Amino acid sequence: MTAGSGDVTMYDCWLGYRRAGPEAVVAGSGDVLSRVAVSGASAVLRTALAELVRGLSALTGRVPAVVPEQTAGPLVLIAAPRSAAGAHALTTMTRTRGPADGEDEVIVMTALARPGQVVLTSNTEAGCLHAVFAFLRRLQAGQAPAGLHVADGTASRLRMVSHWDNLDGTIERGYAGASIFFKDGQVTQDLHRVRDYARLLASVGVNAVCVNNVNVTAEAARLLTAAHLPRLARLAGIFRDHGIRLFLSVSFDSPMILSGIRAADPLDPQVRDWWRSQAGQVYAHIPDLGGFQVKADSESRPGPSVYGRSQADGANVIADALRPFGGVVLWRAFVYDCWQDWRDRSTDRARACYDTFMPLDGAFGENVIVQAKLGPMDFQVREPPSPLLTALRLTSAAIEVQITQEYTGQQKDLCFLHPQWHEVMNGRAVVDGDVTTLAHVVSGHKTGRPNGGVTGVVNVGDDPSWTGHVLAQANLYAFGRLAWDPGIDPGTVAAEWVTATFGAAEPVASTVTRMLLDSWRVYESYTAPLGVGWMVTPGTHYGPSVDGYEYSRWGTYHFADREGIGVDRTAATGTGFTAQYEPGQARMYEDIGSCPDELLLFFHHVPYRHRLKSGKTVIQHIYDSHFDGAEDARRMLRDWLSLAGHLDPVRFEQVRSRLELQVANAKEWRDVVNSYFFRKSGIGDELGRKIF
Ligand code: GCV
């Protein structure tokens, strides 16, 4: 049996609602799935009802009747937050579940609040839509509606995807076609695709979308003007109907680009007035705009440092302008010197984010969210957590991950990133002596700054599969599930995605789930070793170039010589980066004996014969992992080929051709990296394998 067919299946992603559970579950649910109702009349609730009808029709094969909310007897009721049924279900369920710590949104699905009926509700209207998707997900996985009794909350107030889309339709670091929002300098009129995208995002609980690149050109700065706002307002309307708020990236130089003002000094009253008045114009078109995202003083973008002002001064002038409208500023913490001299070993790019922002903790306005990348460098396949994210106490923070696979295979190579995000977000943090997780600190509830959240640079374009590689859809799905619940297990999410996308039938379900869960480790094993990063082709960032960034201005070095490799970031003898962590973590990374193998070269410069905890020498680990990684890539291709006949040909072929590219890429990495280190060190492979 095949699991659907053609481009439609690729386009539907995980929302094709192919029936997966035993027929008996749906058949045995009595009449409850044959009638639906909604209490409340807002646009989001209408979206929720339409989705419920669509999902139930597909899953049961019968279109449910829409009946009035007071109807007695079996039905599924979407209950608005303040409706009697909604309030009753919410209080009963959250009481039985126990006190929740700082939850922002709670969704409830219960068959107990109204016997014979299923109530789907939430404390927010968007949450009612999220509850519908969660309900359909459970049905699809085979859960009987009669037993439903679930309350599920999120602590992340912001769950945002960020597009690096340009007005000409190109996408910076995009690997799945052109922008779905912009073409030829204009905002798109193809609202059909935008609507389908909003649905995908809402289905995994995403509640914010920033539509344009953080590298804002002069042309894109004009998005804040009447030239573009009416069309942007139409996009905002579609997202609004799905419980999602629109954000825009803005240039710090906007006052200069869009008016006659000659400087963008944040303390200049003229500049302050300009931001206020411009914000007023934007909000006149989009009254619920989420706010602005800003990349300033970063990679040659303009910023407050030009005027001798701090990052807080820069963020606050924009935040002040947005405050009357309820908007926030996402101020990116990706600030570092990208004009470094590679000869200078005292400057460490990894330190920059903390060194710049930590002294300003407390100086940012209430509606500023400092957004830091997951690691201190830049979305490498392996990095330690950003120390800033666990250190900030008085500033709202967001963790930024990269769903688009810039450094992790560019949607040619399979790399399911949830395990990486999960590991970092569930890493240790300490607040007032209490041990907790990084995600909990970032959510802000531990520190009384609950504006925090999770953002992800998204991997979507106008490709028929949205992501260029069907299996890369799993990264978008996982992002939403993780932003909602940072603790959720990657294995659970992978299995959920596979079931929703391909069905639960074997051998597809277990084979694809295993491929996803192995893929991050495999990608890591044939690329840069032991956390050192950056051995990629300069510019494109795909494929190997061991010294590509070694003698450059970007601050991204491995320092390999004939004796050894790695960056000494210890406090004792190196750059002192380890001291940015709380004492427990600082000690762990500082001590070569306790530093985890997979991050050894991020923190230490060691001889090639240094023995890892695994018992291998560093050089032997390099050889073994690269031989194994290339072999694992071939194995994944074989696993996929074994599914021939069990999948529709379109998706089967698309993934097959991508896996073939991956096999070639892994081989190239293996041979380039192994040859480089053999030549550098002069040490042979213990197993005598072919090295060039
Ligand atoms: C949008 C990396 C990428 C850039 C990106 C930058 C950022 O350096 O290579 O393309 O620019 O990160 O996050 O701002």
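Anything mentioned here points back to the structure above.
We now turn to the structure provided with this report. Here, residues in each chain are numbered from 1, in the same order as that chain's written sequence. Per-residue local features of the predicted model are confined to residues with pLDDT of at least 70, and side-chain atom pairs are confined, for both listing and counting, to 80 or more; whole-chain, interface and lining totals are unaffected and use all residues. Side-chain measures here rest on the full set of heavy atoms in the structure, leaving out hydrogens and waters.

Of the regular secondary structure elements, the protein chain holds 22 helices and 20 strands. Rg of the C-alpha trace for the protein chain: 26 Å, near the compact-globule value of 26 Å for 692 residues, within the 12% margin. Projected onto its principal axes, the C-alpha positions of the protein chain cover 80 × 65 × 55 Å. Exposure is judged per residue with a 1.4 Å probe applied to protein chains only, and the accessible area is read against the type maximum: over 50% gives exposed, under 20% gives buried, and values in between give partly exposed. Going through the 692 residues of the protein chain one by one, you find that 63% of them count as buried. For the protein chain, the share of sequence-separated contacts (at least 6 apart) that also reach a separation of at least 24 residues comes to 72%. Put simply, the protein chain shows about 23900 Å² of open surface, and 54% of that area lies on carbon and sulfur atoms. Just so you know, the count uses Lys and Arg for positive and Asp and Glu for negative, and it drops His and the chain ends. Where a charge sits is defined by one atom per residue type, namely NZ (Lys), CZ (Arg), CG (Asp) or CD (Glu). Side chains of the protein chain carry 66 positive and 74 negative charges; the gap between the two charge centres is 3 Å. Every helix listed is a DSSP run of H or I at least four residues long, and every strand listed is a run of E at least two residues long, numbered separately from the N terminus. To get the radius of gyration, use the C-alpha atoms; to get the globule rule, take the number of residues to the power 0.38 and multiply by 2.2 Å. The contact criterion used is simple: two residues touch if any of their non-hydrogen atoms lie within 4.5 Å. Surface accessibility in these figures is a Shrake-Rupley result with a 1.4 Å probe; residues are shielded only by whichever protein chains are displayed.

Counting residues in each nonpolar core, the largest one holds 206 residues, and the members touching the most others are F135, W640 and F677. When residues of this core are assigned to their parent elements, the largest contribution, 10 residues, is made by helix α21 (residues 618-641). Once residues lying within four places of it in the same chain are set aside, the contact partners of W640 are L471, F502, V512, M515, L647, R651, F652, V655, R656 and L659. Note on terminology: a nonpolar core comprises buried Ala, Val, Leu, Ile, Met, Phe, Trp, Tyr and Cys residues joined through side-chain atoms within 4.5 Å.

This part covers the site of the ligand. Taken together, 14 residues surround the ligand, and among them E172, K295, R332, K373 and E406 come closest. Note that an oxygen atom of the ligand is positioned 3.0 Å from one of the side-chain N or O atoms of R173. Take E299: an N or O atom from its side chain is 2.9 Å from an oxygen atom of the ligand. Here the ligand, which alone exposes 340 Å², has 96% of that area covered by the protein. Its residues assigned to classes, the shell around the ligand comprises three nonpolar, three polar and eight charged. Any residue with a heavy atom positioned within 4 Å of a molecule or strand is treated as near that molecule or strand. Under the rule applied, a polar contact is a pair of N or O atoms within 3.5 Å (in protein, one hydrogen donor and one hydrogen acceptor; residues adjacent in sequence only if both atoms are side-chain atoms). In this classification, Asp, Glu, Lys and Arg are treated as charged, Ala, Val, Leu, Ile, Met, Phe, Trp, Tyr, Cys and Pro as nonpolar, and every other residue, Gly included, as polar.

Another point: the side chain of R569. Its place among the elements puts R569 in the loop between β19 (564-565) and α19 (583-590). Polar side-chain contacts of R569 include one of 2.9 Å to the backbone oxygen of F602. Setting aside anything within four residues of it in sequence, one finds R569 in contact with D348, A350, M377, T575, G576, F577, T578, F602 and F603.

Here we come to the packing of helix α14 (residues 418-425) against helix α16 (residues 473-484). Axes here refer to lines fitted to C-alpha atoms; in helices the fit is confined to the stretch in contact. Angles between the N-to-C directions go from 0 to 180 degrees. Where α14 meets α16, the closest approach of the two axes is 10 Å, and the angle between their N-to-C directions is 20°. It follows from the interaxial angle that α14 and α16 lie roughly parallel. You can see that α14 and α16 cross each other, and the crossing is right-handed. Between α14 and α16, the contacting residues are H418, W421, H422 and M425 on the first element and N475, A478, F479 and L482 on the second. What sets the label is the angle itself: under 35 degrees gives roughly parallel, over 145 gives roughly antiparallel, 65 to 115 gives roughly perpendicular, and the rest give oblique. What makes a crossing left-handed is the near helix being turned counterclockwise from the far one by less than a right angle; a clockwise turn instead makes it right-handed.

Mapped onto the elements of the fold, D165 is located in the loop between β7 (158-162) and β8 (182-183). Throughout this description, the term salt bridge denotes a Lys or Arg side-chain nitrogen within 4 Å of a carboxyl oxygen of Asp or Glu. For the buried D165, which has no salt bridge, the nearest side chain bearing the opposite charge is R193, at an N-O separation of 10 Å. At 2.8 Å, the side chain of D165 forms a polar contact with the side chain of S179. Excluding residues that lie within four positions of it along the chain, D165 makes contacts with T170, I171, S179, I180, F181, F182, V211, N212 and N213.

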